[in-house]
Amino acid sequence: MRTTLRMRRAAVVFTAIGALALTGCGDDGDGGKDKADKGSGKGEDSSSSVTLPKLDGEKISVAAVWTGPEQANFTKVLDEFEKRTGATVTFVPAQDPIVNFLGTKIAGGQPPDVAMIPQVGAIQQAVAKKWAKPVGNEARAQLGQNYAQVWQDLGSVDGTQYGVYFKAANKSLVWYNAQAFENAGASEPKTWKDFIATAETVSASGVTPVSVGGADGWTLTDWFENIYLSQAGPEKYDQLAKHEIKWTDASVKDALTTLAELFGKPSLISGGADGALQTEFPVSVTQTFTGGDQPKGAMVFEGDFVSINIAQTKAKIGTDAKVFPFPAVGADSPVVTGGDAAVALKDGKGAQALLTWLASTDAAKIWAEAGGFISPNKALDTAAYPNDVQRKIAEALIAAGDDVRFDMSDQAPQSFGGTPGKGEWKTLQDFLKNPKDIAGTQAKLESDAAKAYTS
């Protein structure tokens with residue numbers, strides 16, 4: 001499940017983002033703690049926001065799909081937990097779909113103590129399979145202090161708390177190469193019509209306007225969801241997310257027709273459809289911010305976490321790399337967000353202590369300072385974020401309070417909304433290849449959804 005802030009309220013904040021003069025982004029250096037200090041099990045100092053138990057000698061494993069800079073920054077958070085408790089934490093690289101990965105581990109008798117689960121539907125599946133363990137009193141206390149009720153509800157199943165949402169994301173942003181825009185005489189678009197016109201302007205300057213990471217099907221679901229939310233509105237969005245209306249509904253046809261205005265023009269997409277389908281998300285970002293004023297793409301759509309990948313280039317946010325809200329298709333620009341929740345898969349003091357730590361302000365602050373991260377923790381001082389872009393995104397998320405909705409595909413059963421090569425991911429990849437087949441795309445989406453929601 002990935003969320004949407006109430007559109008009008010958030011739009012006010014995000015309209016200002018593109019005009020900000022921003023500082024650089026990325027790691028701030030040594031955000032983690034030296035592992036040589038761990039093992040003291042000394043508990044907290046007077047400035048700590050959370051009390052943790054002594055866990056000297058205890059071994060804890062945590063599985064997540066994060067790689068590269070995300071894994072490195074999460075490791076900083078785990079390092080500090082080790083220092084404070086004396087435990088040893090092992091990061092277990094996971095693969096999508098994470099429910100399948102966890103099923104294999106559990107069947108082999110080696111489940112991780114904790115898993116970072118990126119879909120609400122997957123949390124529900126883990127509970128249904130009796131893998132997940134309820135959140136303990138200490139972690140629930142942290143959630144009560146630090147989180148809006150909606151974030152607690154998103155981690156609950158039938159009234160029992162199972163998940164601690166640690167990482168959130170705003171997935172309604174378009175990042176652009178400032179020099180390419182300047183050379184083309186292009187400006188930040190406010191509406192979808194203006195967005196297509198801007199793309200044509202950039203194309204006429206000799207630079208392909210849009211970089212699409214189509215090899216990762218989840219990016220395509222985000223394209224669809226932003227258009228659908230803005231065009232059809234939040235009520236229809238909620239209905240489609242719950243499969244209360246069918247994917248053959250006219251509102252889906254309208255959204256796909258709008259998306260085809262981009263996908264149906266190969267000259268506007270880096271490498272055309274075939275190239276996009278071979279481009280993984282990280283490359284879609286880095287190729288937008290390398291090559292000087294002749295990048296392979298002038299714009300790339302995705303969330304605040306794009307800043308992590310921009311940091312792998314020489315581009316500086318605020319000068320070389322700028323950002324604007326996803327253009328309004330209907331009355332308002334959409335804001336779609338997602339998140340990753342920590343779920344305990346083993347009973348034990350260590351797993352529960354880690355959930356408590358991840359629900360704390362201290363843990364959120366570590367990754368916030370490193371960049372490429374937005375926390376749903378309302379108690380976190382937004383001064384911790386390394387630049388104004390992330391600060392404003394975080395402030396909008398917190399200001400929305402309980403008025404949030406998660407990403408639609410993450411609300412769906414994982415077989416439909418979260419599995420590479422299947423369901424929505426695969427069908428939208430096929431749509432990118434053949435955007436004229438709107439009726440066929442709708443029929444396939446509905447067929448797969450009907451099976452997934454009844455299984």
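Given the structure is predicted, the values throughout are model-derived calculations rather than measurements.

Turning to the nonpolar core, a few remarks are in order. If you look at the biggest cluster of nonpolar residues, it comprises 92 residues, and the most contacted ones within it are F74, F81, W151, W175 and W357. Excluding anything up to four places from it in sequence, F81 contacts L52, L55, I60, G86, A87, V89, G350, A353, L354 and W357. Grouped together as the second largest cluster of nonpolar side chains are 53 residues, Y176, W192, A199 and I269 included.

The next thing to look at is the pattern of salt bridges. Scanning all chains against the criterion turns up 12 salt bridges. Salt-bridge contacts for R84 lead to D362; the nearest nitrogen and oxygen are separated by 2.8 Å. Within this pair, whereas R84 is found in helix 2 (residues 68-85), its partner D362 is found in helix 16 (residues 361-370), the two being separated by 278 residues in sequence. The salt bridge partner of K236 is D249, with a shortest N-O separation of 3.4 Å.

Right, let's get into the sheet that holds strand 10 (residues 299-301). A sheet is described by the order of its strands in space; here 4 strands give the open sequence 9-10-8-11, paired in mixed fashion. Edge positions in the sheet fall to strand 9 (210-211) and strand 11 (321-325), since each has one partner strand and no second. In this structure, strand 8 (residues 173-177) lies alongside strand 11, joined through 5 bridges in antiparallel fashion. Pairing of Y176 across the sheet is with K322, part of strand 11.

Let's shift gears to the pairing of strand 4 (residues 114-117). Side-chain alternation along strand 4 places V114 and M116 on one buried face and A115 and I117 on a second face that is also buried. The pairing of strand 4 with strand 12 (residues 337-344) spans 4 bridges and is antiparallel. The residue bridging V114 from the neighbouring strand is A344, located in strand 12.

With omega at -10°, the peptide bond leading from D96 into P97 counts as cis. Position of P97 among the secondary structure elements: in the loop between strand 3 (88-93) and helix 3 (98-107). Located in the positive-phi region is K130, a residue other than glycine, with phi close to 65°. Summarising the element assignment, K130 is placed in the loop between helix 4 (120-128) and helix 5 (137-146). The phi angle at H243 is positive, at roughly 60°, despite the residue not being glycine. Position of H243 relative to the elements: it lies in the loop between helix 10 (234-241) and helix 11 (250-263).

Attention now goes to the packing of aromatic side chains. Under the definition given, this model contains 28 aromatic pairs. With 6.2 Å between their ring centres and 55° between their planes, F74 and F166 make a pair best called tilted. Placement of the pair is F74 in helix 2 and F166 in strand 7 (residues 163-170), with a sequence separation of 92 residues. Taken together, the ring pairs in this structure connect W192, F195, W223, F263, F301, F326 and F431 into an aromatic cluster.

The next subject is the environment of V50. Tracing the sequence through the fold places V50 in the loop between helix 1 (7-15) and strand 2 (59-64). Of the residues examined, V50 reaches a relative accessible area of 3% and is grouped as buried. In this structure, the C-alpha to C-alpha distance between V50 and A139, residues 89 residues apart in sequence, is 9.6 Å.

Spanning 18 residues, helix 2 covers 26 Å between terminal C-alpha atoms, matching the ideal 26 Å at 1.5 Å per step. For helix 2, the full list of buried residues reads N73, F74, K76, V77, L78, D79, E80, F81, E82, K83, R84 and T85. On its buried face, helix 2 sits against strand 2, strand 3, strand 4, strand 7, helix 15 (349-358) and helix 16. Taken from the residues just after helix 2, G86 is the one with a positive phi, measuring 90°.

This paragraph deals with helix 17 (residues 388-399). Between its terminal C-alpha atoms helix 17 stretches 16 Å, which fits the 16 Å expected from 12 residues at 1.5 Å a residue. For helix 17, the set of buried residues is V389, Q390, R391, I393, A394, A396 and L397. Once helix 17 finishes, G401 follows within two positions and takes phi at roughly 55°, a positive value.

The next thing to look at is the pairing of strand 7. The buried count for strand 7 comes to 8 of 8 residues, which makes it a mostly enclosed element. Pairing of strand 7 with strand 12 involves 7 bridges; the strand directions are antiparallel. Each bridged residue has a counterpart across the sheet, and for A168 the counterpart in strand 12 is G339.

Quick notes on the rules
- Residues numbered from 1 in each chain as written.
- Predicted model: local features only at pLDDT ≥ 70, side-chain atom pairs only at ≥ 80, totals over all residues.
- Heavy atoms only, no water.
- Core = buried A, V, L, I, M, F, W, Y, C linked by side-chain atoms within 4.5 Å.
- Buried < 20%, exposed > 50% of the residue type's maximum accessible area, 1.4 Å probe, protein only.
- Contact = heavy atoms within 4.5 Å.
- Salt bridge = Lys/Arg side-chain N within 4 Å of Asp/Glu carboxyl O.
- Helix = DSSP H or I, 4+ residues; strand = E, 2+ residues; numbered from the N terminus.
- Pairing = 2+ DSSP bridges.
- Phe/Tyr/Trp six-rings, centres within 6.5 Å; stacked < 30°, edge-to-face > 60°.
- Expected span 1.5 Å × (residues − 1).

Take it as geometry only, folks, not as evidence of what the structure does.
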